[in-house]
Protein chains: 2
Amino acid sequence: MINFVERNRSPKYIQLYNQIKEEITQGTLKEGDILSGSRSLASTLGISRNTVDNAYGQLVAEGYIASRRGVGYEVLPLPRLDRIIAATHSDGENADSVSTGIVGHRVEPQNGIKYDLTNSSHTSDLFPKAMWKKYTLECMETLAAESRLSIYIDKKGDYYLRKNLRTYLERIRGVVCSEEQIIITSGMQQSLDFVCKLLKGKKSTILMEEPGYNKAASVFYNNDFCVETVRVDENGLVTGELPDRLDIGAIYCTPSHQFPTGAVLPIGRRYELLSWAKSTGAYILEDDFDSELQYYQKPIPSVQSVDANEQVIYLGTFSKGLSPAIRMGYMILPKSLTEVFENRFKDYNSTVPLLNQYVIGRLIETGMYDRHIRRLNHIFKKRYEKFEAGLNRLSDRLTVSGNGRGQYFLLTFSRQDNQDRLIEAAARQGVRVYSTMQFWQDKAACPPGTLFLGFSKIDIEDIDDCVERLIKAWSV
Amino acid sequence: MINFVERNRSPKYIQLYNQIKEEITQGTLKEGDILSGSRSLASTLGISRNTVDNAYGQLVAEGYIASRRGVGYEVLPLPRLDRIIAATHSDGENADSVSTGIVGHRVEPQNGIKYDLTNSSHTSDLFPKAMWKKYTLECMETLAAESRLSIYIDKKGDYYLRKNLRTYLERIRGVVCSEEQIIITSGMQQSLDFVCKLLKGKKSTILMEEPGYNKAASVFYNNDFCVETVRVDENGLVTGELPDRLDIGAIYCTPSHQFPTGAVLPIGRRYELLSWAKSTGAYILEDDFDSELQYYQKPIPSVQSVDANEQVIYLGTFSKGLSPAIRMGYMILPKSLTEVFENRFKDYNSTVPLLNQYVIGRLIETGMYDRHIRRLNHIFKKRYEKFEAGLNRLSDRLTVSGNGRGQYFLLTFSRQDNQDRLIEAAARQGVRVYSTMQFWQDKAACPPGTLFLGFSKIDIEDIDDCVERLIKAWSV
């Protein structure tokens, strides 16, 4: 059954593509099945034939189906990894988020996967557990003494955290703001949901980088925005191609560490971006998600720090620096939007637990947070360099592109290898690596031979073994 | 400057009313100022004269302005309490949520207010601090051992909590569901935001009880729904007056403890509500916010428990039972909406810290949560009875309507006293009591002589003194 979700603004051909792909991975459509002809399917669904052709074309490009002259499109054998994924109900980036539901029971590797090269969870040793415990107990006493253990929290979040965060971001990222402009949120997606509600009704479109952070796109769609993309090259967002249109509410971008390519936007493009924003009236949603994590140089200042026209909404989280399980982020509004926020969310309460806000405020104030970040950078540097050195043994086949930042890098294969087969080969050796397809709005534009690898969830002593397995997988 | 917020669906006259009221409380409009004539203001703003008349009428009813023959409407002296509130930037129900920003500094009573009869924060002794500490430390170790300290959490929340919550709600509230139907959220407003996104695009209107929970209305407005109301009488929602229309997406209601009147919806009306939902296709948003807190009888089962047609979305939080500062709630979707949720929020992560979810799961599983609720009920019963006995000394002037549930009651004055003057008189004696005006969408329909009092933030030994002060305030 094909359903087009009402008001889902992702293009119809993508919806159709996703649904057919799902039927294939879930086994409803089986190897050798012949799909309906595009004309007849188009007429059944009441959509244009072009839409069906686009969806089929995409499925051909990804190797799910193949055209057979005189017969139509035939379902191909499912790559093994898709079967594995379908069987375990994992969903790629969040594969590790499925709870065991059994207290005290250690999660065992499933399906022979020994190393999961995700960037979205951390080895437990990276979490400052002792500090967190100490400050949790201490702050609970403070809040009790202040009669603030059981109160609703101001919609902007706790003032003590906002005060310390302001100082910290000014020092580390050059961010210029007052405490009044800072809103503490439950993470990036909630920040973006707020932004959508602030912009709604005026403009219809939000721009994204291509490739970009797919989870942001979902929030824009769910708030009824149209999403369009702007190309990314080796220097990040191609600002020269920003469309000169007035229906654009904002551009969501990652100037200091492009996700997922890792590019850093040069200063010239930063000014071009700002000047485009000024001329079109669009906001720049600057997602600075992991820019504290730079282990070679000092990070360059944020775009917000050079914004003279109040057009940057600065976004960050504690997911990379502390833990994604803490669910805390922040957004910094331009002064002119602060009042709009106050009015529109007048009756709202903060969604972020007060105790956690207080603890992080304390970590920052005491300098423990800085110390923790230095430690993270030290560890990530060692992990990255071990991967880089190891994988460079395959330099005739692939290029490692990391740049001393964050918790991930891309692999670009010099031959036009197929992502699914590379992923499947790695899985057969017990290593989970990720497709870059998820980051592309236009799946067909995704270069087939690029993979996304994270090193936040692998211990340093396991990297040699992991690299050996990857080399074995990809040397055949 | 009067601004009509684009796409704000609260009626224009309410917007106008709010803005003029704000100018008065903030001192932009001063005692003795004469407002523009309604015809000229209507023409300046490009709105109908009727809208201006309604706003002015409301301001007259509340005593902000008065009509002076041949002159127009004159601004009256501001009641003292409004001046106090304006000066301290407090916002009524959340007055206590303003942080001091100074660690270790105890919040001192401001403006001579010694007792704050809010229902939205608790005395610190009600929070199970020792248990919370114990389980926090224990669960942190468990999560570390499971390699789950630093992961993204499934959008529905942690399975362990959902499993325990399911058993708990089945036992306490008769809720029938599987773990798959439970979504853990950051509180009621986030649950409602999800609901809006699930219903959006199909129906345009959400119904509320009048009076009802004003903070829910804000979420509906922010998601572009029209809000209409249905009357509440001494038995709660007047189900016979539910409109038979197909544009209604849902009714938001509080059947087990109407907010703020305290009424319990009789079983006959529950079935009438369900049958109306069946015939119109609307969902029932059953907010069961504090129904564990019943100190005389066992709570009657939820409407969800007798729903045969999958039309109830059951909503709850831990704000009343544990603490509003924890920011945790849940919603239970009908089976048929579970898949819609999965699709629409496919790429979302939970916004609720995993550790907190785990701790609450543990509290429930070990039976400590039940024990804690029994203790709360014991304390609230004593507090309520002390208030009731004390205030009944004024029974010639007022009626106390609590019914052995929750953390609040209403006072109805037998003479048609003015809320603002009653509140001001109490404030002069150092007691903050609350207007019921905030709970009415149509401010003009609010009975002038009703007050809203909570007893979650006052210690038992202070109640005698507090009652004496109220009696002194209202005996004049």
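All of these numbers come straight from a predicted model, not from anything done at the bench. (Residues numbered from 1 in each chain as written. Chains lettered and ligands numbered in written order. Predicted model: local features only at pLDDT ≥ 70, side-chain atom pairs only at ≥ 80, totals over all residues. Heavy atoms only, no water.)

With that settled, consider the relation of the copies chain A and chain B. Mapping chain A onto chain B calls for a screw motion: a turn of 180 degrees about the axis and a shift of 0.0 Å along it, with 0.1 Å RMSD after fitting. Expressed as a symmetry operation, the mapping of one chain copy onto the other fits a two-fold axis. Taken together, the interface assignments show that 100% of the residues at the interface of chain A recur at the interface of chain B, consistent with an identical surface on both copies. (Least-squares fit on C-alpha atoms with pLDDT ≥ 70 in both. Contact = heavy atoms within 4.5 Å.)

In this section: the packing of helix H13 (residues 419-428) of chain B against helix H14 (residues 463-475) of chain B. Residue and element names in this part refer to chain B. One can describe the packing of H13 onto H14 by two numbers: an axis separation of 8 Å at closest approach and a directional angle of 130 degrees. By the angle between their axes, H13 is oblique relative to H14. For H13 against H14, the interelement crossing comes out right-handed. Across from Leu422, Ala425 and Ala426 in H13, the residues of H14 making contact are Leu470, Ala473 and Trp474. Class assignment of the residues belonging to the contact of H13 with H14 gives a composition of 6 nonpolar, no polar and no charged. (Axes fitted to C-alpha atoms, helices over the stretch in contact; angles between N-to-C directions. Helix = DSSP H or I, 4+ residues; strand = E, 2+ residues; numbered from the N terminus. Parallel < 35°, antiparallel > 145°, perpendicular 65-115°, else oblique. Left-handed = near helix turned anticlockwise from the far one by under 90°. Nonpolar A, V, L, I, M, F, W, Y, C, P; charged D, E, K, R; others polar.)

This paragraph deals with the interface of chain A and chain B. Every contact between the two is made by 80 residues of chain A and, on the other side, 80 residues of chain B. With both chains or domains summed, chain A and chain B bury close to 7200 Å², and 50% of this area falls on carbon and sulfur atoms. Taken together, the links from chain A to chain B amount to 8 salt bridges. Across the pair Lys133 of chain A and Glu141 of chain B runs a salt bridge whose closest N-O atoms are separated by 2.5 Å. For the side of chain A that touches chain B, the residue count by class is 28 nonpolar, 28 polar and 24 charged. (Buried area = accessible area lost by both parts, 1.4 Å probe. Salt bridge = Lys/Arg side-chain N within 4 Å of Asp/Glu carboxyl O.)

Our focus in this paragraph is unusual backbone geometry. Residues and elements named next belong to chain A. Between Phe259 and Pro260 the backbone carries a cis peptide bond, its omega angle lying at 10 degrees. Tracing the chain through its elements places Pro260 in the loop between strand E8 (248-253) and helix H9 (267-280). One non-glycine residue, Asp224, lies in positive phi territory at about 65 degrees. Of note, Asp224 is situated in the loop between helix H8 (214-222) and strand E6 (226-233). Taking the relative accessible area as the measure of exposure, Asp224 reaches 14% and is therefore buried. (Buried < 20%, exposed > 50% of the residue type's maximum accessible area, 1.4 Å probe, protein only.)

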